[in-house]
Amino acid sequence: MHDLTDLYQSVILDHNRRPRNRGKLPTANRVAHGDNPTCGDQCSVYLRMDGERVAEVSFDGSGCAISQASASLMTTQIKGKTAAEIEDLYTNFHHIVTTGETPEEINDVAAFAGVHDFPARIKCATLGWHAALNAVKGDPLPATTETHKD
Ligand code: ZN
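All values derive from a computational prediction rather than experimental measurement.

A. Summary view of the pairing of strand E1 (residues 30–36). Of all 7 residues making up E1, 5 are buried, and the element is well covered by its neighbours. Here E1 runs beside strand E2 (residues 41–50); their pairing, made up of 7 bridges, is antiparallel. Bridge pairing links Asp 35 to Gln 42 in E2. Here E1 folds back onto E2 in antiparallel fashion, the turn holding 4 residues, of which Gly 40 has a positive phi close to 85°.

B. View of helix H4 (residues 122–136). The end-to-end C-alpha distance of H4, which contains 15 residues, comes to 21 Å, matching closely the 21 Å that a straight helix rising 1.5 Å per residue would cover. Gly 128 marks where H4 bends most, by close to 30°. Where burial is concerned, most of H4 is hidden: 13 out of the 15 residues are buried. The first or second residue beyond H4 is Gly 138, which carries a positive phi of 65°.

C. A look at the nonpolar core. Counting 37 residues, the largest nonpolar core has Val 45, Leu 47, Ile 78 and Phe 112 as its most contacted members. Looking at this core, the elements with two or more residues in it are helix H1 (2–17), E2, strand E3 (53–62), helix H2 (65–77), helix H3 (83–99) and H4. Other than its neighbours up to four places away in sequence, Ile 78 contacts Leu 47, Val 54, Val 57, Ile 86, Trp 129 and Ala 132.

Calculation rules
Residues numbered from 1 in each chain as written. Predicted model: local features only at pLDDT ≥ 70, side-chain atom pairs only at ≥ 80, totals over all residues. Heavy atoms only, no water. Buried < 20%, exposed > 50% of the residue type's maximum accessible area, 1.4 Å probe, protein only. Helix = DSSP H or I, 4+ residues; strand = E, 2+ residues; numbered from the N terminus. Pairing = 2+ DSSP bridges. Expected span 1.5 Å × (residues − 1). Bend = angle between axes of the 7 residues up to and from the residue. Core = buried A, V, L, I, M, F, W, Y, C linked by side-chain atoms within 4.5 Å. Contact = heavy atoms within 4.5 Å.

Next comes the structure, spelled out in structure tokens:
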């Protein structure tokens, strides 16, 4: 199974080296901030909603490799999706990182199955997803520094 492990690690390394959709989104109409104090991870997710669907997404943040790679991968998964569809994706991802069980079809998300062996890191892996769900529901986390429009 070493080859599989290497493949999974390469996905995480690749997202760290070349984060997807990183930086503030000037056109964003939703934003939420996530904070994982146990590891020092920060993640802000910016969305431009077009009706019910995510039209554009980006993230910004700092922290450990798992948190940043997971946020980067998340941005490649949720574009074009509704809140309900993103919740389904998150449920699937959460299952992978908490059980280590991977879907039969190998995909990039399965790269995070190894997090299962390090329970303290599960919060790192889910940080970006939590921020995305908060953003898509228009319900920013209390930790957000963004101010509401008058
Ligand atoms: Zn972390």
